[in-house]
Amino acid sequence: MIFNERLKILRDEKGATQESTARSLGMPLRSYNRLESDGAKAHYDTLMKIADYYDVSVDWLMGRTDRREVNR
């Protein structure tokens, strides 16, 4: 699944741990771990938080485009 792969890429690029990322996003570590490891589906509000946190587009996170940029 593309979403969990891209989520891990972004976290690695930032040099962050799953724990620190989960804390920054205001979610339990177990929930974040599931998003990254088994491709659990993110709720809309969580998806938006992740996109904002990493400054990437939701479309990129979901594999709909190869462009990370956010259209503002």
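For the structure itself, consult the block above.
Here's a quick rundown of the structure. (Residues numbered from 1 in each chain as written. Predicted model: local features only at pLDDT ≥ 70, side-chain atom pairs only at ≥ 80, totals over all residues. Heavy atoms only, no water.)

Right, let's talk about the overall build of the protein for a bit. Tallying secondary structure elements over the protein gives five helices and zero strands in all. Its helices and strands taken in sequence order, the protein reads α-α-α-α-α from the N to the C terminus. What you see for the protein is a C-alpha radius of gyration of 11 Å, in line with the 11 Å of a compact globule of 72 residues. For the protein, the C-alpha atoms occupy an extent of roughly 30 × 20 × 20 Å along the three principal directions. (Helix = DSSP H or I, 4+ residues; strand = E, 2+ residues; numbered from the N terminus. Rg over C-alpha atoms; globule rule 2.2 N^0.38 Å.)

Attention shifts here to the packing of aromatic side chains. One pass over the structure, following the stated rule, counts one aromatic pair. Relative to tyrosine 54, the ring of tyrosine 53 lies with its centre 4.8 Å away and its plane at 75°, an arrangement referred to as edge-to-face. Classification of tyrosine 53 as partly exposed rests on a relative accessible area of 24%. Across from the ring centre of tyrosine 53, 3.8 Å away, lies the NZ or CZ of lysine 14, which sits over that ring. (Phe/Tyr/Trp six-rings, centres within 6.5 Å; stacked < 30°, edge-to-face > 60°. Buried < 20%, exposed > 50% of the residue type's maximum accessible area, 1.4 Å probe, protein only. Lys NZ or Arg CZ within 6 Å of the ring centre and 35° of its normal.)

Along helix 4 (residues 44–54), the residues that are buried comprise Thr46, Leu47, Ile50, Ala51 and Tyr54. Down the axis of helix 4, the sector holding all buried residues measures 135°, keeping them to one side. Exposed residues pointing more than 90 degrees away from the buried face of helix 4 are listed as Tyr44 and Asp52. Buried positions along helix 4 lie against helix 1 (2–14), helix 2 (18–25), helix 3 (29–37) and helix 5 (58–61). Trailing helix 4 by a residue or two, aspartate 55 shows a phi angle of about 55°, which is positive. (Arc of directions from axis to C-beta. Contact = heavy atoms within 4.5 Å.)

Per the counting criterion, the structure on display carries nine salt bridges. In this structure, aspartate 38 and arginine 34 form a salt bridge, with 3.7 Å as the shortest nitrogen-oxygen distance. Among the ionic pairs, arginine 67 bridges to glutamate 69, the shortest N-O distance being 3.2 Å. Taken together, the shared-partner salt bridges in this structure form one network comprising Lys8, Arg11, Asp12 and Glu36. (Salt bridge = Lys/Arg side-chain N within 4 Å of Asp/Glu carboxyl O.)

By secondary structure assignment, the location of arginine 11 is in helix 1. Setting aside residues up to four positions removed in sequence, arginine 11 forms contacts with Ala16, Thr17, Gln18, Thr21, Tyr32, Glu36 and Tyr54.

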